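What follows is each chain in one-letter form.
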Amino acid sequence: MAAEFELGDYILVQDGRTFEVFHRTSSESIRYHVAFLGVDVKPRGDEFRVRLGARHGDDQILGGVRLSMDPEQFARFREFMALAIAARDRTDTL
């Protein structure tokens, strides 16, 4: 079953091993396999700056989106991202 995280004009969807980013003003979404998804978080004052995109190496994220979150939103985001991490780390095959 798909999980969703809504933040302003963005809706992030994790469905199985697919992670998708929708924006209100775009007719196209950005899709990633969870194995290729990269996330970078930097605290800045009372908020968190999050970048989601294609992971390149150990310390680079290409493309994607940049989001700003308050602590409550970031706590919900962490719970949501735990699902994508679990999907990425899943080793069973059907």
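Our structure is the block above this text.
A brief structural summary. Just so we're clear, the structure is a prediction, and the values are computed from it rather than from any experiment.

## Here we look at the sheet that holds strand β2 (residues 10–15)
Logical step 1: Strands sit in the order β1-β2-β3-β4 across an open sheet of 4 strands; the sheet is antiparallel. In this open sheet, the two strands that pair with only one neighbour each are β1 (3–7) and β4 (30–33). Mean inter-strand twist for the sheet, computed between neighbouring axes without regard to direction, equals 15 degrees.
Logical step 2: Pairing between β2 and strand β3 (residues 18–23): 6 bridges, direction antiparallel. Each residue of the ladder has a partner; that of Ile 11, found in β3, is Phe 22.

## Focus on helix α1 (residues 71–89)
One full turn of an α-helix is made of 3.6 residues, so residues set three or four places apart face in the same direction.
Logical step 1: The terminal C-alpha atoms of α1 lie 26 Å apart, and with 19 residues this matches the ideal 27 Å at 1.5 Å per residue to within 8%.
Logical step 2: All buried positions along α1 are accounted for by Phe 74, Phe 77, Phe 80, Met 81, Ala 84 and Ala 87. Viewed along the axis of α1, the buried residues span an arc of 130 degrees, placing them on a single side of the element. Every exposed residue of α1 that faces more than 90 degrees away from the buried side is listed here: Glu 72, Arg 78 and Glu 79.
Logical step 3: Lining the buried residues of α1 we find β1, β2, β3, β5 (37–44), β6 (47–56) and β7 (60–69).
Logical step 4: For α1, the N-terminal cap is Asp 70; the gap from its side-chain oxygen to the backbone nitrogen of Glu 72 is 3.0 Å.

How each quantity is defined
Residues numbered from 1 in each chain as written. Predicted model: local features only at pLDDT ≥ 70, side-chain atom pairs only at ≥ 80, totals over all residues. Heavy atoms only, no water. Pairing = 2+ DSSP bridges. Helix = DSSP H or I, 4+ residues; strand = E, 2+ residues; numbered from the N terminus. Axes fitted to C-alpha atoms, helices over the stretch in contact; angles between N-to-C directions. Expected span 1.5 Å × (residues − 1). Buried < 20%, exposed > 50% of the residue type's maximum accessible area, 1.4 Å probe, protein only. Arc of directions from axis to C-beta. Contact = heavy atoms within 4.5 Å. Polar contact = N/O pair within 3.5 Å; in protein donor to acceptor, adjacent residues only side chain to side chain.

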